[in-house]
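Okay, here's what each chain looks like letter by letter:
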Amino acid sequence: MPRISCVNGRYIRHSQAGVHIEDRGYQFADGVYEVIVVVEGRMVDEDLHFARLERSLREIRMEMPFGVDVFRLKVAELLRLNHLRNANLYIQVSRGVAPRNHQIPDEIQPAVVMTVRPLAVPKREWVKDGVSIITVPDIRWKRPDIKSVSLLPNILAKDVAVRDGVYEAWQVDNKGMVTEGTSTNAWIVEGRSVITYPPENAILNGVTRLALMKIAAEAKIKVEERPFSVDEAKGADEAFLTSSTAFLIPIVDIDGNRVGNGKPGPVSRKLLEGYSSHLWSSDA
Ligand code: PLP
């Protein structure tokens, strides 16, 4: 059965799916995206993802190409054609095709691309034993809050992590504060409090981050939205990362320093338990 992708409303074989070489997403990274987990045909935290998509588009002076109800229908068709109920869904909206010129054209049709893959869940050992990470300088622009397809600093930092044999790289600003990972939000735990960077322009306000804050409140775990330094992270009781596809993965080593007792801690485990029920139940 061939894999099918959706390009500007057309469902075509993935191997033949493409956009024009003068698509501004391709030439200028002039576009934004979302990655959404689909469970039993339901997009997890759909409202939060589409609200963020709309916001990202607004921030780059674009509008939603169509409403959420139309997105929902197109996604349902894509899942049906790929015989998938549980999937990782990728949606990209770029400015569209125009002769190459920095100036944004007045008349241009956005390009919308959607792909699905069978749902990939994090490896058991990552969740059970925790993962190691390194820290790298945050060299990104001043608007990581926009989910832009311009990910060059992120992929270069991830490459350093992979070459070092670790799971992720936490990016550190010029004040020594951890902003976030290359494709995940960063958290530490001190006692019964979890600490994560505030949702200003310096991070992507993760949907998993937002969902987890609610779960923490329900579990009477205090959330502090404030920057923390690399040293504070190394001395924390626990650390973990979150994203739509990683869910919650405990971190047991930062730059070769053991975090806590070197095992996933009780607060991380409790939050993961809460997130798992959120994910697999129908309330998300
Ligand atoms: N931070 C960055 C830079 C990301 O790219 C992502 C996800 O791709 C996240 C955080 C986590 O966001 P979410 O929980 O919405 O997947």
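Residues numbered from 1 in each chain as written. Predicted model: local features only at pLDDT ≥ 70, side-chain atom pairs only at ≥ 80, totals over all residues. Heavy atoms only, no water.

Caption draft 1: Representation of the nonpolar core in the model. One finds Phe 50, Leu 53, Phe 71, Leu 89, Ile 91 and Met 114 to be the most contacted residues of the largest nonpolar core, which totals 25 residues. Elements with a contribution of two residues or more to this core: strand E1 (4-7), strand E3 (31-39), helix H2 (46-59), helix H3 (68-81), strand E5 (87-94) and strand E6 (111-118). Those residues in contact with Leu 89 that lie beyond four places of it in its chain are Glu 34, Val 35, Ile 36, Val 38, Met 43, Val 75, Leu 78, Thr 115 and Val 116. Val 39, Leu 119, Leu 212 and Leu 271 belong to the second-largest nonpolar core, a separate cluster that totals 22 residues. (Core = buried A, V, L, I, M, F, W, Y, C linked by side-chain atoms within 4.5 Å. Buried < 20%, exposed > 50% of the residue type's maximum accessible area, 1.4 Å probe, protein only. Helix = DSSP H or I, 4+ residues; strand = E, 2+ residues; numbered from the N terminus. Contact = heavy atoms within 4.5 Å.)

Caption draft 2: Structural context of the pairing of strand E15 (residues 247-254). Of all 8 residues making up E15, 8 are buried, and the element is well covered by its neighbours. Inspection of the sheet shows strand E7 (residues 131-137) paired to E15 by 3 bridges, in the parallel sense. Bridge pairing links Val 131 to Ile 251 in E15. Bridge count between strand E14 (residues 238-243) and E15: 5 bridges; the pairing is antiparallel. Paired with Phe 240 across the strands is Pro 250, a residue of E15. The loop that links E14 with its antiparallel partner E15 comprises 3 residues. For E15 and strand E16 (residues 257-258), the ladder comprises 2 bridges, and the chain directions are antiparallel. (Pairing = 2+ DSSP bridges.)

Caption draft 3: Highlighting the site of the ligand. The local shell around the ligand holds 17 residues, among which Arg 52, Glu 180, Val 207, Thr 208 and Ser 244 are the closest. Within the contact set of the ligand, an oxygen atom lies 2.9 Å away from a side-chain nitrogen or oxygen of Lys 147. Relative to its unbound accessible surface of 390 Å², the ligand loses 93% to contact with the protein. When its residues are assigned to classes, the shell around the ligand shows 3 nonpolar, 11 polar and 3 charged. (Near = heavy atom within 4 Å. Polar contact = N/O pair within 3.5 Å; in protein donor to acceptor, adjacent residues only side chain to side chain. Areas by Shrake-Rupley, 256 points an atom, 1.4 Å probe, with all protein chains shown as cover. Nonpolar A, V, L, I, M, F, W, Y, C, P; charged D, E, K, R; others polar.)

Caption draft 4: How the structure looks around unusual backbone geometry. A positive phi angle, close to 55°, is found at Ala 29, a residue other than glycine. Within the secondary structure layout, Ala 29 lies in the loop between helix H1 (24-28) and E3. Look at Ala 29 and you get partly exposed, because its relative accessible area is 26%. Even without glycine at this site, Phe 247 takes up a positive phi of about 60°.

Caption draft 5: Structural view of the pattern of salt bridges. Tallied over the entire structure, the rule returns 19 salt bridges. A salt bridge links Lys 128 to Asp 129; the nearest nitrogen and oxygen atoms lie 3.3 Å apart. Where salt bridges share partners, they join Glu 190, Lys 222, Glu 224, Arg 226 and Glu 232 into one cluster. (Salt bridge = Lys/Arg side-chain N within 4 Å of Asp/Glu carboxyl O.)

Caption draft 6: How the structure looks around the environment of Asn 86. For Asn 86, the location among the structural elements is in the loop between H3 and E5. Its relative accessible area of 29% is what places Asn 86 among the partly exposed residues. As for Asn 86 and Thr 179, which are separated by 93 residues in sequence, their C-alpha atoms are 31 Å apart. Not counting residues up to four positions away in its chain, the partners in contact with Asn 86 are Val 38, Val 39, Glu 40, Arg 117, Pro 118 and Leu 119.

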